[in-house]
Amino acid sequence: MRRRSFSSACLCVATAPLVWPVAAAAGNWLPPPALPDVALLDHTGQSLRVRDLLRDRPVVVNFFFTGCATVCPPQTALLRQAAAAWRERPALNRALVVSISVDALGDGPLQLRAYGERFQLPLGVQQGWVLLSGAVGPLKQVLAAFEVPPGRPDDHPALLWLGDNSRGRWTRASALNPPATTTRLLEELLS
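The structure presented is a predicted model; accordingly, all values stated were derived computationally and were not measured.

J.: Whenever I open this one, the pattern of salt bridges confuses me. Can you help?
T.: Between side chains of opposite charge, pairing is possible as soon as their charged atoms come close. The final tally for this structure, using the stated rule, is five salt bridges. For Glu 187, the salt bridge identified is with Arg 89, shortest N-O distance 2.3 Å. Residue Glu 187 is located in helix 6 (residues 179–190), and its partner Arg 89 is located in the loop between helix 3 (72–86) and strand 4 (96–101); the two are separated by 98 residues in the primary sequence. Two residues, Glu 147 and Arg 172, come together in a salt bridge whose shortest N-O distance is 2.6 Å.

Written out as structure tokens, the structure reads:
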């Protein structure tokens, strides 16, 4: 019992600096990230241009890698719960989750597909969730646009970027927020 409490405390301490306010106050939205004009690969091996993917609908972007055994599985599970709730709400059902791997060398289409199956994600642009990876150069450019520092995959932030490029509104939040909090953020972004 003591070990579990210690582990939980460590996880909370490790993620505490990544918790942002519940929502940006009106007028305090972040500008859209300066996305490079590059393509990444999805779980089928299809090349998708990142700018185009994030252009026409509300998006929630997170960062992960398929070999992660710490923060990625819970953040994926929480985001899957939130995304399922969005499908029931007309104002949110167009939202696209874009999960970007931070491990260009370890994550290709096969690994992405296996990860999606493991978490029973509705994969595909039309289904509402895209897993992306790619060559080191393009992936590094995309991660830099989202202020993900270079380094070991284990060092990536447990971070969500929520955005609507058509309105020029973006905000950030912890990827470990409860689904209701992430849903509320998305609703405020779109209001």
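Next comes the rest of the write-up.
J.: Would you mind showing me how to read the sheet that holds strand 6 (residues 159–164) here?
T.: Hydrogen bonds between backbone groups are what pair the strands of a sheet, and the pairing can be parallel or antiparallel. Taking strand neighbours across the sheet as the criterion, the five strands line up as 5-4-3-6-7 in an open arrangement whose pairing is mixed. Taken across any chain shown, the strands that pair with only one partner, and hence form the sheet edges, are strand 5 (129–132) and strand 7 (169–174). Each strand axis lies, on average, 20 degrees off the axis of its neighbour in the sheet, ignoring direction. Here strand 3 (residues 59–64) pairs with strand 4 via six bridges, running parallel. The residue of strand 4 that forms the bridge with Val 61 is Val 98. Strands strand 3, strand 4, strand 5 and strand 6 of the sheet are contacted by helix 3, whose axis makes an angle of about 165 degrees with strand 3. The sheet strands contacting helix 4 (residues 109–118) are strand 3 and strand 5, and the helix crosses strand 5 at an angle near 145 degrees.

J.: Explain the pairing of strand 5 here, please?
T.: Burial along strand 5 is two-sided: the residues Trp 129 and Leu 131 and Val 130 and Leu 132 are all buried. Assessed by its sense of winding, the connection that carries the chain from strand 4 through helix 4 to strand 5 is right-handed.

J.: Which parts of the structure should I look at to understand the side chain of Ser 101?
T.: Relative to the helices and strands, Ser 101 resides in strand 4. Polar contacts involving the side chain of Ser 101 include one to the main-chain amide nitrogen of Asp 103, which spans 3.0 Å. With near-sequence residues (within four places) excluded, Ser 101 lies in contact with Phe 64, Phe 65, Asp 107, Leu 132, Ser 133, Leu 139 and Leu 143.

J.: Please explain unusual backbone geometry as it appears in this structure.
T.: Both trends apply: most residues other than glycine have a negative phi, and most peptide bonds are in trans. Located in the positive-phi region is Gln 120, a residue other than glycine, with phi close to 55 degrees. If you trace the backbone, Gln 120 turns up in the loop between helix 4 and strand 5. The backbone of Glu 147 sits at a positive phi, close to 60 degrees, despite the residue not being glycine. Mapped onto the elements of the fold, Glu 147 is located in the loop between helix 5 (136–145) and strand 6. Judged by its relative accessible area of 52%, Glu 147 falls in the exposed class.

J.: Sorry if this is basic, but what is going on with the confidence of the model for the protein here?
T.: A low pLDDT score tells you not to read the predicted coordinates there in detail. This prediction gives the protein a mean pLDDT of 86; 86% of its residues lie at or above 70. The weakest mean pLDDT in the protein belongs to helix 1 (residues 2–15) at 36; the strongest belongs to strand 5 at 98. Taken as a whole, residues 1–26 scores under 50 in pLDDT and shows 17 contacts with residues more than four places along the chain or in a different chain.

J.: Looking at this structure, I do not really get the nonpolar core. What am I missing?
T.: Generally speaking, soluble globular proteins have nonpolar side chains that are buried together. Judged by nonpolar contacts, the single largest core of 54 residues is most densely connected at Leu 54, Val 61, Phe 63, Trp 86, Ile 100 and Phe 146. Beyond its immediate stretch of four places on either side in the chain, Leu 54 contacts Leu 35, Val 59, Val 61, Val 98, Phe 146, Asn 165 and Trp 170.

J.: Explain helix 3 here, please?
T.: Three- or four-residue spacings in an α-helix give side chains the same orientation, since the helix completes a turn every 3.6 residues. End to end, helix 3 covers 21 Å across 15 residues, agreeing with the expected 21 Å (1.5 Å per residue, within 8%). As for helix 3, its buried residues are in contact with strand 3, strand 4, helix 4, strand 5, strand 6 and helix 6.

J.: What's the story with the state of the cysteines in this structure? I'm lost.
T.: Cysteine pairs can be linked by a disulfide, which is a covalent bond between their two sulfur atoms. With the rule as written, the count across this model stands at zero disulfides. For Cys 68, which is in no disulfide, the shortest distance to another cysteine sulfur is to Cys 72 and amounts to 3.0 Å.

J.: What is the right way to look at the packing of aromatic side chains in this model?
T.: Describing an aromatic ring pair means giving the distance of the ring centres and the angle of the ring planes. Scanning the entire structure with this criterion turns up six aromatic pairs. Taking the centre distance of 4.9 Å and the plane angle of 35 degrees together, the rings of Phe 64 and Tyr 115 count as tilted. With Phe 64 in strand 3 and Tyr 115 in helix 4, the pair connects residues that are 51 residues apart, well separated along the chain. The class of Tyr 115 is buried, set by a relative accessible area of 3%. Cluster of aromatic residues (ring-pair linked, three or more members): Phe 63, Phe 146, Trp 161 and Trp 170.

Here is what the cut-offs are and how they apply
- Residues numbered from 1 in each chain as written.
- Predicted model: local features only at pLDDT ≥ 70, side-chain atom pairs only at ≥ 80, totals over all residues.
- Heavy atoms only, no water.
- Salt bridge = Lys/Arg side-chain N within 4 Å of Asp/Glu carboxyl O.
- Helix = DSSP H or I, 4+ residues; strand = E, 2+ residues; numbered from the N terminus.
- Pairing = 2+ DSSP bridges.
- Axes fitted to C-alpha atoms, helices over the stretch in contact; angles between N-to-C directions.
- Contact = heavy atoms within 4.5 Å.
- Buried < 20%, exposed > 50% of the residue type's maximum accessible area, 1.4 Å probe, protein only.
- Right-handed = clockwise from strand over helix to strand, strands pointing away.
- Polar contact = N/O pair within 3.5 Å; in protein donor to acceptor, adjacent residues only side chain to side chain.
- pLDDT = per-residue confidence, 0-100.
- Core = buried A, V, L, I, M, F, W, Y, C linked by side-chain atoms within 4.5 Å.
- Expected span 1.5 Å × (residues − 1).
- Disulfide = S-S within 2.5 Å.
- Phe/Tyr/Trp six-rings, centres within 6.5 Å; stacked < 30°, edge-to-face > 60°.

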